[in-house]
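# Observations on the three-dimensional arrangement
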Amino acid sequence: MPVSGALLTQIAIGTVALYTLVTAASRAIGRLLALAEYYDVDEVLVGMTVLALGTSLPELSSHLVASLGILSGVLEYQVTSAVVIGGNTGSSTVQQFLLVGILLIGYGTVHVSRTFVYESYLPMLGAISATILVAWDGTISRLDGVLLLGLYLIYVGVIIARREPTQSLREAPSKNPRRDTVVATGLLVLVLLSASLLLSVVEVVVDTLAIGGSMVGVVTIGVAAALPELTAVMDAIRRRSPHVALGTLVGSNIVNPLVGIGLGGALSTYSVPSAVVLWDLPFKLIAGVGLLGWALYWREGEFTRTEGGYMLGLYFAFLAGRLVLFPGQ
């Protein structure tokens, strides 16, 4: 079908909004880390809040804006739900497979400890499983959203109670905390405004082209929202500290479903596309369990460049399967 000038304008606006969303989120994280270093905030708390929540800021802000838009009637319920949930699962899939694959191929062999498996990887699989269970009926109710948020709070409480130090990408201390607080606040407002504009544009594009909202979310918000984690991966390869990036990627896969979908569901409820519960989440869960079993019982806890290649293949298999099996979603 011919593409009108108005549609091209909308796509251009959406592209700028998406770039602004990701860039502002990334810079806000840097300012918040500098403030945390200045005030000597406990490293565990930094890892569980600024790093874990901060790297998921594009997804979380999209959910917040989407739910407020649904409640006010500004955004259409079905399309907006599909876009933000597709973006959420899409971003998590990029991190779980594509970025972990890049990390392994770029770095080489990474040994996964039993502690990491029990404290991070298994909770990630649990978060995916919990999301499948609450979304199986095609909706995320307010009760479902509260349940997901509650599971995240329990997870954070257990981690904090153990008080085990975690590696994190810390910034230099803030030299001007008042200025950095103002700038960080302004950047967070910009993130919300960009997310609002982006969702409005996506709704127009979906209606005009009659394509699936969740697939748009997977390939736009999903890919772009994972860019902060890509930066962490490249920095970890350069610094020869792969466990930092691996922890960030797995942590984001816990935050995205529990906090992102949980927050949105608790505020406005969501309609969940069948592609998400029949393909996206089951694919992530089955592949995650399989890779864990392979690494622990065949490789004795080691992920190598071979597994990195498998990860890349799994990501493209995920996209291909979704396009073939659910072309309209």
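To keep things clear, this report deals only with the structure shown in the data block. (Residues numbered from 1 in each chain as written. Predicted model: local features only at pLDDT ≥ 70, side-chain atom pairs only at ≥ 80, totals over all residues. Heavy atoms only, no water.)

All told, the structure shown has 6 aromatic pairs when counted by the stated rule. When the ring of Y152 is compared with that of Y155, the centres are 6.4 Å apart and the planes differ by 45 degrees; the resulting orientation is tilted. Of this pair, Y152 and Y155 both sit in helix α6 (residues 142-162), 3 residues apart, which is roughly one turn of that helix. You can call Y152 buried: its relative accessible area is 7%. (Phe/Tyr/Trp six-rings, centres within 6.5 Å; stacked < 30°, edge-to-face > 60°. Helix = DSSP H or I, 4+ residues; strand = E, 2+ residues; numbered from the N terminus. Buried < 20%, exposed > 50% of the residue type's maximum accessible area, 1.4 Å probe, protein only.)

This next bit is on unusual backbone geometry. Excluding glycine, residues mostly have negative phi values, and the peptide bonds linking residues are mostly trans. Even without being glycine, T269 reaches a positive phi, approximately 70 degrees. In this fold, T269 is placed in the loop between α11 (242-268) and β3 (270-271). Judged by relative accessible area, which is 18%, T269 ranks as buried.

What follows deals with the environment of L199. Following the sequence through the fold, L199 ends up in helix α7 (residues 177-209). Separated by 130 residues in the primary sequence, L199 and G69 have C-alpha atoms spaced 9.2 Å apart. In this view, L199 contacts S62, V65, A66, L75, V83, V84 and I221; residues no more than four positions away in its chain are not counted. (Contact = heavy atoms within 4.5 Å.)

Moving on, we come to the packing of helix α4 (residues 77-107) against helix α12 (residues 274-297). Taken N-terminus to C-terminus, the directions of α4 and α12 make an angle of 20 degrees; their axes are 11 Å apart at the nearest point. Overall, the two elements α4 and α12 adopt an arrangement that is roughly parallel. Judged by the twist between their axes, the crossing of α4 over α12 is left-handed. Residues I85, T89, S92, T93, Q96 and F97 of α4 touch α12, and the partners they reach there are V276, D280, L281, F283, K284, A287, G288 and L291. Looking at the contact of α4 with α12, its residues break down into 7 nonpolar, 5 polar and 2 charged. (Axes fitted to C-alpha atoms, helices over the stretch in contact; angles between N-to-C directions. Parallel < 35°, antiparallel > 145°, perpendicular 65-115°, else oblique. Left-handed = near helix turned anticlockwise from the far one by under 90°. Nonpolar A, V, L, I, M, F, W, Y, C, P; charged D, E, K, R; others polar.)

For the rest of this paragraph, the subject is helix α5 (residues 114-135). An ideal rise of 1.5 Å per residue puts 32 Å on 22 residues; α5 measures up with 30 Å between its terminal C-alpha atoms. Of all bends in α5, the biggest is about 30 degrees, found at Y121, and the proline P123 comes one to four residues later. (Expected span 1.5 Å × (residues − 1). Bend = angle between axes of the 7 residues up to and from the residue.)

Mapped onto the fold, L103 is located in helix α4. Overall, the relative accessible area of 1% leaves L103 in the buried class. Separated by 142 residues in sequence, L103 and A245 place their C-alpha atoms 8.0 Å apart. When near neighbours in sequence (up to four residues on either side) are disregarded, L103 contacts G108, V233, I237, P242, A245 and L246.

Tracing the sequence through the fold places P58 in helix α3 (residues 57-72). Judged by its relative accessible area of 1%, P58 falls in the buried class. Taking the C-alpha atoms as reference, P58 lies 8.7 Å from L192; in sequence the two are 134 residues apart. In this view, P58 contacts L21, A25 and A225; residues no more than four positions away in its chain are not counted.

Our next topic: the nonpolar core. Membership of the largest hydrophobic core comes to 88 residues, with the highest contact counts inside it found for Y121, Y152 and L199. Per element, the largest residue contribution to this core is 12 residues, and it comes from α12. (Core = buried A, V, L, I, M, F, W, Y, C linked by side-chain atoms within 4.5 Å.)

This brings us to the packing of α5 against α11. At a minimum axis distance of 9 Å, the contact between α5 and α11 shows a crossing angle of 30 degrees. Regarding the angle of α5 to α11, the classification is roughly parallel. α11 is crossed by α5, and the crossing has left-handed handedness. Here α5 contributes F116, S120, Y121, P123, M124, A127 and T131 to the contact with α11, which in turn contributes L246, G247, V250, N253, I254, P257, L258 and I261.

So, on to a nonpolar patch on the surface. A cluster of nonpolar side chains, contributed by L147, L151, I154 and V158, occupies part of the molecular surface with about 340 Å² of accessible area. Note that L151 resides in helix α6. (Patch = residues over 30% accessible without salt bridge, like charges linked within 9 Å, V, L, I, M, F, W, Y side chains within 5 Å. Areas by Shrake-Rupley, 256 points an atom, 1.4 Å probe, with all protein chains shown as cover. Salt bridge = Lys/Arg side-chain N within 4 Å of Asp/Glu carboxyl O.)

Quick look at the pattern of salt bridges now. Under the defined criterion, the tally for this structure stands at 3 salt bridges. Between R31 and D180 there is a salt bridge, with the nearest N and O atoms lying 2.5 Å from each other. Of this pair, R31 sits in helix α1 (residues 5-38) while D180 sits in helix α7, placing them 149 residues apart in sequence. For the salt bridge of R179 with D180, the shortest nitrogen-to-oxygen distance reads 3.6 Å. Owing to a relative accessible area of 3%, D180 belongs among the buried residues under this scheme. In this structure, a network of salt bridges that share partners links the residues R31, R179 and D180.

Spanning 13 residues, helix α10 (residues 227-239) covers 18 Å between terminal C-alpha atoms, matching the ideal 18 Å at 1.5 Å per step. For α10, the full list of buried residues reads P228, E229, A232, V233, D235, A236 and I237. Directly after α10, the chain includes R240, whose backbone phi takes a positive value near 60 degrees.

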